[in-house]
Every structure is written in C-alpha cells, then in structure tokens.
Amino acid sequence: MAKYSILGLYFLVLFLIGILAARKVNNIKDYFVGGKNLGYWVAAFSSRATGSSAWALLGLTGMGSIFGISAYWVVAGTLLGETIAWFVMAKPFKRLTDQYNSITIPDYLVSRFHANGQALRVISATALSLFVIIYVSAQIDATGTAFESFLNWNYFAGAVVGFLIVVVYMSFGGFLAVAWSDVFQGLIMLLGLVVLPIVTVLTIENPDTIFLQLRETDPGLLNIWGRSGFSLENFSRITGFVMIGLGFLGSPQLFVRFMSMKSEASINKGKWVSVVLTFFMNTSAVTIGILGRFIFTSAGDDPVAILGNGGQNVLIMLVDEVMPVAVAGFYISAVLSAIMSTIDSLLVVASSAITRDFYQQIFNPDISDKKLTRISQGVTFLMSFLALTIAILVAVFSPTRTIFWFVIFGWSGIAATFCPVIILSLFWKKFTEKGAIAAMVTGFVGVPVFKFLVPAIPSVGVYFNLVAELLPSFILALLIGFLVSFKDSAPQKIVKKVRI
C-alpha cells in the first residue's frame, strides 16, 4: 500500500504543476518556450532530466551489469557532449535565437538562412515528428516494464496509464509544465540514483570482496576495454558508447532549453549545474549495474537470464533487495520521472514543429494563439497515441528488445538529423540553406541505413553494428552539408559570425 501512496503523491504533484503552469500560459510563446524566461536551475535540471530518460535508469544500469566498468565510457561520452553543448554552443545559439525571436528550432533555421521557401520547415517538422514518435514509444515501453516489474501490473495496462498521465499534465501547461515538472522529477532521479549504490555497499558484509568476486564472475567486467581486452571489435563498441554524446550537440529537445532561458548570463550558472548532474547521475547508474551483477550473479551464470535482456531489470531487483518496501514506491517514481520528463519534452518540441512550423507558417499564418494552442494540444495527444501503438506492437513482435538500444535509435535519428546542421550553422558563416537541407536529409536517411542495412555487409558490417548508427550518420551528414555549401555558388545572406 505504501508503494501506491508514494506513487499517488508523485502523480498529484505532476497534475498540480500542470494546472499552475496553465495559469502562466498567455500566448504561444509561453506555451512553446516558457516565455523565454526560465532560470538556470530550471533549465539545467530540465535539460538533464530530458537527457536521462529510461535510458539512464533502466538502460544504463543494465549496461553496467552486462559490460562492467567499460560502460563508464558512456559516462565519458555523455559528459563530454553535455560540456561542449553548454560551454561552447549554448551562448551563440541563445544569442541568435533571441536575435531572430525564434521559438522553435525550425524558426531558427529559417531565419539563419533567410529561407524563401518552406523546405527547411517541412523537413524539420517531418524528421522531428517521426523520430520523436519512435523515441516516445521507447519511453512508453519502459513505463509498461516499470509497472510490470515494480507492481506486478499487466505490461500493457502500465503502458496505457503512463501514456494518459503525461498527456494530461503537459497538455495544459505546455513547456512551462514540462520544465517545472522536470525540476521535480530530476531531483527524484538524482536522489534515487546516488543513494542506491551507497546503501547497497553499506549492506554488503565484506565490500572488499566486490572486485575479487566480479573478477571470478567474469574478468571482462573489470577491464576498461571489455571482455578479452583491447581488440578491433571492443574498440568499435567503445567508440559507439562514447559517441552517444554526439546527441547533446544540437538535439532540439535539449537546445530548446537554451532558447527558453532568461539570458546568456543564466547559461554561465546553468552549465555547471547540468555538467555536475550528468556526472553524478550517469556514474551512479553504471555503478548500480555493476553492484547488481556482484550481488545477483556468480561465475557461469547467464546475466541475461537473471537480470533481464540487456540487464535492464537490475535496478528494480537491487531496490527490492536492499531497500525497505515503502521506499520501492519512491523508486517507481524515479523510473517514471526519467520516462515522463523525456516524453513531455519530446512531445512539446514535436507538437510545436507540426503546429507552428508546418500548419501555421505554411497553411494558416493568421491563426490566433488561442486556437494554435488548442491544436497543439490535439497534436500532442495524437502523437502520444501513435507512440503508444508502436510501443505495444514492438512489445508483441519483439519481446527480446532492450530499452537501451530502442531509445538510442530514436535519439540517434534526432541527433543525426539536427546536430550537424546546428553545429555548422553556428560556427561556419558560409553554411547555406542547400547545405542544411542536404545535411538533414542525409542524417535522417543515414540512421536506418546504418542501423539495418550496413551491418549486413560481410566483413565490415559487424564493426558498424558495434559502433552503432549515430556516428557514421552524423559524420556523413556533416560532410555532405559542408560539401554542398562549399559548392553552392548562389549568393547568400550570411549572418555575422557569432562571438562565443
């Protein structure tokens, strides 16, 4: 009963945030970017909560249990990506979006290139919508798994309940509800991730035996390169781990936080908050997985059979093992916080792209803010429903899926489509509209190609599969964007170089 009481309190706070945020929404700018008035604590926590998702609490903990200390390469990659985004890219991006009065990423791109046509808006909205639906479906899938594992609910009932909760509270308050709830949810995630490994170590009778037993279980768990040490295959896998951080360098659901902040001065404070949060949350997640492997497995055991596919049940099992029953409700809230904080951010970014950048800018420029907000709420519900449908279909037809890689596919699609374009648009004054379109299309198409087709190529396919789809798609999009812009002889209205 204690589990449900804590969970009920968590949901009540989310609904109250949605109601309070709704009172602050007076126009479409408030609904999409919080009136560009967010403080640095809110923006930093919101960014970190959105970047974590079920990927951190279920996926990254699972990676720690399967790969051991080599999973810390993911921490290094995400920390590097977050640092570059906040310390190098945030200020010039904030400066330009304020200069153009942009309230969406497509707004910024159209203004940056003084685009005459609608190609940039259409491609941006389409790509964002498709990959956001995939990304959100992965989070809904994790919701069903969380309810099933913690409360013994039916998986599908849990997925539907999670879907309904997030749609209700964010539909009313828009981005403000998203940002404020992310602070609340980010605090829950941080506390849950940091406390669990500390309590676990304190409950172990002889902590000195942890490394010895892990070495006996699988020596590869304590090798930074993974099982069998350094090899081309392990190097490819580690490269894929590190390059997950590329997704921080321009993904719309993260960069909208920079757009929404009060001023550039806020970025100076927010960057430290975000980077420190990234370090503690992701390091704790991997550590939880390693400790779970120590407690639940021995030499010769199959970790997948014990800890679930991809080790994604390890956090739930560890909570049941070392925490009082009443505290389990808090950890359900922590997992759901990771999920909800990502779903809401993705949906508000995608719905803004569809309603403002597609419907308003192309078909109905004179629509009132009130009507546009209502349409955005409807689009949010529709996209959520499509994501729910995909999650259920994937659960039925692919029961061996892992949350980590399901999430990474959606993350990679958004990142490969937008990050190369954002980088070049900020730091290369000769980057053109044609180059931007070419880069976006290349990144968009590259992700499924490098995910499903290239790994099937004999001899080299295995290495591309280990590197994963983000890095090659990202590099190819960056290269195509550069080459097309370099050869584009049409006169361009170029913005002045931005001072970093």
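Whatever comes next refers back to the structure up there.
Now for a description of the structure that goes with this document. (Residues numbered from 1 in each chain as written. Predicted model: local features only at pLDDT ≥ 70, side-chain atom pairs only at ≥ 80, totals over all residues. Heavy atoms only, no water.)

**Observations concerning the packing of helix H4 (residues 72-100) against helix H9 (residues 232-242)**
With their axes 7 Å apart at the nearest point, H4 and H9 run at an angle of 40° to one another. In terms of their interaxial angle, H4 and H9 are classed as oblique. Facing H4, whose interface residues are Trp-73, Val-74 and Gly-77, H9 presents Ile-238, Phe-241 and Val-242. Residue classes in the contact of H4 with H9 are distributed as five nonpolar, one polar and no charged. (Axes fitted to C-alpha atoms, helices over the stretch in contact; angles between N-to-C directions. Helix = DSSP H or I, 4+ residues; strand = E, 2+ residues; numbered from the N terminus. Parallel < 35°, antiparallel > 145°, perpendicular 65-115°, else oblique. Contact = heavy atoms within 4.5 Å. Nonpolar A, V, L, I, M, F, W, Y, C, P; charged D, E, K, R; others polar.)

**Brief notes about unusual backbone geometry**
The backbone of Asn-152 sits at a positive phi, close to 60°, despite the residue not being glycine. Residue position: Asn-152 is located in the loop between helix H6 (119-151) and helix H7 (155-203). Note on Asn-152: relative accessible area 68%, which makes it exposed. A positive phi angle, near 75°, is found at Ser-228, a position not held by glycine. Considering the arrangement of structural elements, one finds Ser-228 in the loop between helix H8 (210-217) and H9. By relative accessible area, which is 67% here, Ser-228 ends up exposed. (Buried < 20%, exposed > 50% of the residue type's maximum accessible area, 1.4 Å probe, protein only.)

**Digging into the pattern of salt bridges**
Applying the stated criterion to the full structure yields eight salt bridges. Note that Asp-218 is salt-bridged to Arg-227, the shortest N-O span being 2.5 Å. Several salt bridges share partner residues, and in doing so they unite Asp-107, Arg-121, Arg-356 and Asp-357 into one network. (Salt bridge = Lys/Arg side-chain N within 4 Å of Asp/Glu carboxyl O.)

**Digging into the packing of aromatic side chains**
Evaluated as defined, the whole model comprises 28 aromatic pairs. Residues Phe-93 and Phe-255 carry aromatic rings whose centres are separated by 5.1 Å and whose planes lie at 75° to one another, so their mutual orientation is edge-to-face. Taken together, the positions of Phe-93 in helix H4 and Phe-255 in helix H10 (residues 252-260) put the pair 162 residues apart, joining distant regions of the chain. Given the relative accessible area of 0%, Phe-93 is considered buried. Where Tyr-100 meets Tyr-108, the ring centres are 6.4 Å apart and the plane angle is 40°; that geometry is what we call tilted. Summarising the burial analysis for this pair, Tyr-100 and Tyr-108 share the class buried. In textbook terms, an aromatic cluster arises when at least three aromatic residues are bridged by ring pairs, as seen for Trp-86, Phe-93, Tyr-100, Tyr-108, Phe-255 and Phe-258. (Phe/Tyr/Trp six-rings, centres within 6.5 Å; stacked < 30°, edge-to-face > 60°.)

**Digging into the side chain of Thr-61**
Looking at the element boundaries, Thr-61 is found in helix H3 (residues 40-67). Not counting residues within four places of it along the chain, the set of residues in contact with Thr-61 comprises Ala-56, Ala-285, Ile-288, Gly-289, Val-314 and Leu-315.

Geometric values such as these leave the question of function open.
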